[in-house]
Amino acid sequence: MPAINTAALPFFRFVAACIVIFFHFGQKIEFYPQVPAVFKSGSLMVTFFFVLSGFVLMLGYQQRALNWRQYWTRRAIKILPLYLLALLLSAGFSAQAGHLTGFDFILNLFCLQSWFPGPLAINFASWFVSVLLFCYCLFPPILFFLQQKRPAGRLMLAVSLLLWVLTQLILIRLLNSDFYTGYPSWSHDLIYYFPLSHFCSFFIGICGSYYLQTSSY
């Protein structure tokens, strides 16, 4: 099995995070229009994060059995402390402004907000965590299938790319139809933040890692 050098992954993750932050908060600076397009590609970097998450998970678990307690403990420690802190702070501001509802808070508390248009108003950026946890839930059965059936790496990579293309075609069709009513709207939330819209990127990461680990040079 070929060795995969992952030393550069933290650096790429850091660069992508900086681009996402600049994309959201740098638009008010005077020289923003002159900034190269690559530094304003926040949405592409979010897709990169999903691909990278699937890649790293498959890289770490393909050759060993998944311990459910350890798996979810690591995921929870990595995500939930800062997420819950941000949720409480955001909910406090929303409550003061009179925009907080119990239903929206419950959805955010259980990371289900990206499944419903509207609750993202509490903490807009939290949609990423909601989608990521959904992907984490699907990883164990995907891992089990790959470990048990051992399909060809090229086949799985092709399937993942086909799923991505199909997903993008559906989204493009919706964006260019009467269904999409612009931002802000429930149709915008549903198209851009719905978990199934981003799972294809996570799946590409899984299958890409699986392909590299099952291919020989």
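Quantities reported herein were computed from a predicted structural model and do not represent experimental measurements.

Asks: I'd like a rundown of helix α5 (residues 127-149), residues and numbers included.
Replies: Taking 1.5 Å as the rise per residue, α5 with 23 residues should run 33 Å; its terminal C-alpha atoms sit 33 Å apart, in good agreement. For α5, the principal kink sits at Phe139 and spans about 30°; a proline, Pro140, occurs within the next four residues. Two residues or fewer after α5 comes Arg150, characterised by a positive phi angle close to 50°.

Asks: Let's hear about the packing of aromatic side chains: which residues, and what values?
Replies: For the structure on display, the rule yields 20 aromatic pairs. Between Phe50 and Trp127 the ring centres are 6.3 Å apart and the planes differ by 50°, which places this aromatic pair in the tilted class. Highlighted residues: Phe50 in helix α2 (residues 42-61) and Trp127 in helix α5, separated in sequence by 77 residues. Trp127 sits in the buried class, given a relative accessible area of 9%.

Asks: Could you give an account of the environment of Leu85, naming the residues involved and the relevant values?
Replies: Residue placement: Leu85 occurs in helix α3 (residues 68-96). Accessibility expressed as a relative area gives 47% for Leu85, which makes it partly exposed. With 75 residues separating them in the primary sequence, Leu85 and Ser160 have C-alpha atoms 35 Å apart.

Asks: Pulling in residues and values, what's your account of the side chain of Asp189?
Replies: One can find Asp189 in helix α7 (residues 186-193). You can call Asp189 buried: its relative accessible area is 15%. Beyond its immediate chain neighbours, meaning those up to four positions away, Asp189 contacts Pro117, Gly118, Leu120 and Phe194.

Asks: Tell me about the packing of helix α6 (residues 153-175) against helix α8 (residues 195-214), residues and numbers included.
Replies: Following both chains from N to C, one finds α6 and α8 inclined at 165°, their axes separated by 8 Å at the closest point. Overall, the two elements α6 and α8 adopt an arrangement that is roughly antiparallel. The handedness of the crossing between α6 and α8 is left-handed. Residues Gly153, Arg154, Met156, Leu157, Val159, Ser160, Leu161, Leu163, Trp164, Thr167, Gln168 and Leu171 of α6 touch α8, and the partners they reach there are Leu196, Ser197, Phe199, Cys200, Ser201, Phe203, Ile204, Cys207, Gly208, Tyr210, Tyr211 and Thr214.

Analysis parameters
Residues numbered from 1 in each chain as written. Predicted model: local features only at pLDDT ≥ 70, side-chain atom pairs only at ≥ 80, totals over all residues. Heavy atoms only, no water. Helix = DSSP H or I, 4+ residues; strand = E, 2+ residues; numbered from the N terminus. Expected span 1.5 Å × (residues − 1). Bend = angle between axes of the 7 residues up to and from the residue. Phe/Tyr/Trp six-rings, centres within 6.5 Å; stacked < 30°, edge-to-face > 60°. Buried < 20%, exposed > 50% of the residue type's maximum accessible area, 1.4 Å probe, protein only. Contact = heavy atoms within 4.5 Å. Axes fitted to C-alpha atoms, helices over the stretch in contact; angles between N-to-C directions. Parallel < 35°, antiparallel > 145°, perpendicular 65-115°, else oblique. Left-handed = near helix turned anticlockwise from the far one by under 90°.

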